[in-house]
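Descriptive analysis of the structure
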Amino acid sequence: AFANNHLEDFLAEQGCEVNVPGLMNFLLFKVDNRLEDIKLYGGSKIKYTVVNWLFQYLTKIQNMFCEVLRSEGGFEIPATYAHIKKLVKGVIGYGNKMGEGWLLTAEMLELAEAGYENIVCAQPFGCLPNHVVGRGIVKRLKEMYPDAQLLSLDYDPDVSFANLENRLQMLVMNVQKEGWKEEESEKSYAADSKVTA
């Protein structure tokens, strides 16, 4: 939380529901990258076997975790690694793996698919790969999810929190404004229904 100036707390205080992609898909992404490297560039069969075993083991843990959440009820079940990898196909290549690589794009698509269409992409220290797959995906994300809003925030040491807060407030105000429009539309529909009934 200290790395993003307690962004989750700030958004929660503004009345926003906060959803942060989990760590498990990141671990699977890092292991899967080793498998992709061996497939593309070659490598020992022993290394591939060990890495593949680790990938299968982590996948099993993720499936168990999701099953526990499902059985408890009341939780948003995170998308599996296999699902988010499918989401990103045709949007950005699997060879893009610097930093969070294609996973960052996949996580944004996962959030939008789950109904979290107002996305804050926190970008550390002018991270070039993050800029490419974070800001670079905005147009494609809007094509796939027209109502989506993506706010890229640079968390550089020289950026003041006041500047970040102002940009976050603008996103929150846009979301609230859209919510009010939907409420008015529902009231109008309800009024029309009463007239015709």
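Refer to the structure printed above.
Within every chain, residues take consecutive numbers counted from 1 along the sequence as written. Confidence filtering applies because this is a predicted model: local features only for residues at pLDDT of at least 70, side-chain atom pairs given and counted only at 80 or more, and all residues used for totals across whole chains, interfaces and linings. In computing side-chain values, all of the structure's heavy atoms are included and hydrogens and water are not.

Helix and strand counts for the protein chain stand at eight helices and two strands. Only protein chains enter the accessibility calculation, which uses a 1.4 Å probe; a residue whose area is less than 20% of its type maximum is buried, one above 50% is exposed, and one in between is partly exposed. For the protein chain, buried positions account for 31% of its 197 residues. Long-range contacts, defined as pairs at least 24 residues apart, comprise 61% of the intrachain contacts of the protein chain with a sequence gap of at least 6. Note on areas: Shrake-Rupley, 1.4 Å probe, and residue coverage restricted to the protein chains presented here. Split by element, the accessible area of the protein chain, about 12400 Å² in all, is 58% carbon and sulfur. Secondary structure follows DSSP: runs of H or I at least 4 residues long count as helices, runs of E at least 2 residues long count as strands, and numbering of each begins at the N terminus. Contacts: residue pairs with any heavy atoms within 4.5 Å of one another.

It is worth spelling out the nonpolar core at this point. Membership of the largest hydrophobic core comes to 31 residues, with the highest contact counts inside it found for Tyr81, Ile84, Trp102, Leu141 and Leu150. It is helix α5 (residues 102-113) that contributes the most residues to this core, eight residues altogether. If we ignore the near neighbours within four places in the chain, the residues touching tryptophan 102 are Phe29, Tyr81, Ile84, Lys85, Val88, Ile92, Gly93, Tyr94 and Asn96. Within the second largest apolar cluster, ten residues are counted, among which are Leu11, Leu151, Leu168 and Leu171. The criterion is simple. A nonpolar core is a set of buried Ala, Val, Leu, Ile, Met, Phe, Trp, Tyr and Cys residues joined through side-chain atoms within 4.5 Å.

Each pair of aromatic rings taken from Phe, Tyr and Trp, with Trp reduced to its six-membered ring, is defined by centres within 6.5 Å and is described as stacked if the planes are under 30 degrees apart, edge-to-face if over 60, and tilted in the remaining cases. For the structure shown, the criterion picks out five aromatic pairs. Their ring planes at 85° and their centres at 5.2 Å tell us that phenylalanine 29 and tryptophan 102 sit as a pair that is edge-to-face. Remark: tryptophan 102 occurs in helix α5 and phenylalanine 29 occurs in helix α2 (residues 24-41); sequence separation between them is 73 residues. Taking the relative accessible area as the measure of exposure, phenylalanine 29 reaches 0% and is therefore buried. Relative accessible area serves as the criterion here: at 1%, tryptophan 102 is assigned to the buried category. When the centroid spacing of 5.4 Å and the interplanar angle of 70° are considered together, the rings of tyrosine 94 and tryptophan 102 count as edge-to-face.

The next subject is the pairing of strand β2 (residues 149-155). Within β2, six of the seven residues are buried, leaving the element largely enclosed by the surrounding structure. Of the strand pairs in this sheet, strand β1 (residues 118-124) and β2 are connected by seven bridges, and their pairing is parallel. By the bridge assignment for β2, isoleucine 119 is matched with leucine 150. Think of it this way: DSSP has to see at least two bridges between two strands before they count as a pair.

Each cavity reported here is a set of points on a 1 Å grid over the protein atoms alone in which a 1.4 Å probe fits but cannot get out, each pocket an open set with protein on both sides within 12 Å along at least five of seven lines, and each lining residue one with an atom within 4 Å of a point. Grid points are joined across faces, edges and corners, and a volume is the space filled by probe spheres set on the points. Within this model, the second largest pocket holds a volume of roughly 300 Å³. In terms of lining residues, the second largest pocket is bounded by 19 residues, among which Gly22, Ile77, Pro78, Ala79 and Glu110 are the most central. Secondary-structure elements contributing two or more residues to the lining of the second largest pocket are α2, α3 (45-72) and α5. Looking at the lining of the second largest pocket, the element that brings in the most residues is α5, giving four residues. Grouping the constituent residues of the lining of the second largest pocket by class yields eleven nonpolar, four polar and four charged. The nonpolar class holds Ala, Val, Leu, Ile, Met, Phe, Trp, Tyr, Cys and Pro. Asp, Glu, Lys and Arg form the charged class, and all remaining residues, Gly among them, are polar.

What follows concerns the pattern of salt bridges. Within this document, salt bridges are pairs made up of a side-chain nitrogen of Lys or Arg and a carboxyl oxygen of Asp or Glu, the two lying within 4 Å of each other. Scanning the model with the defined rule gives six salt bridges in all. Residue lysine 85 pairs with aspartate 32 through a salt bridge whose shortest N-O separation is 2.7 Å. Taken together, the residues lysine 85 in helix α4 (residues 81-88) and aspartate 32 in helix α2 connect sequence positions 53 residues apart. Taking relative accessible area as the criterion, lysine 85 reaches 17% and is therefore assigned buried. Judged by its relative accessible area of 4%, aspartate 32 falls in the buried class. A salt bridge links arginine 70 to glutamate 67, with the nearest nitrogen and oxygen atoms 3.1 Å apart. In this pair, arginine 70 and glutamate 67 are both assigned in helix α3, three residues apart and thus about one turn of the helix distant. The class of arginine 70 is partly exposed, set by a relative accessible area of 48%. You can call glutamate 67 partly exposed: its relative accessible area is 44%.

Let us now look at the packing of α2 against α3. Interhelical geometry of α2 versus α3 gives an angle of 155° and a closest axis separation of 10 Å. With respect to α3, the axis of α2 lies roughly antiparallel. Crossing hand, α2 versus α3: left-handed. Note on element contacts: α3 touches α2 through Lys47, Tyr48, Val51, Asn52, Leu54, Phe55, Leu58, Thr59, Ile61 and Gln62, opposite Met24, Asn25, Leu27, Leu28, Val31, Asp32, Arg34, Leu35, Ile38 and Lys39. The residue inventory of the contact of α2 with α3, partitioned by class, reads twelve nonpolar, four polar and four charged. Axis angles are defined between N-to-C directions and span 0 to 180 degrees, where every axis is a line fitted to C-alpha atoms and, for a helix, only to the segment in contact. Oblique is the label for every angle not falling under 35 degrees (roughly parallel), over 145 degrees (roughly antiparallel), or within 65 to 115 degrees (roughly perpendicular). Helix crossings are classified by the rotation of the near helix relative to the far one: an anticlockwise turn of less than a right angle makes the crossing left-handed, while a clockwise turn makes it right-handed.

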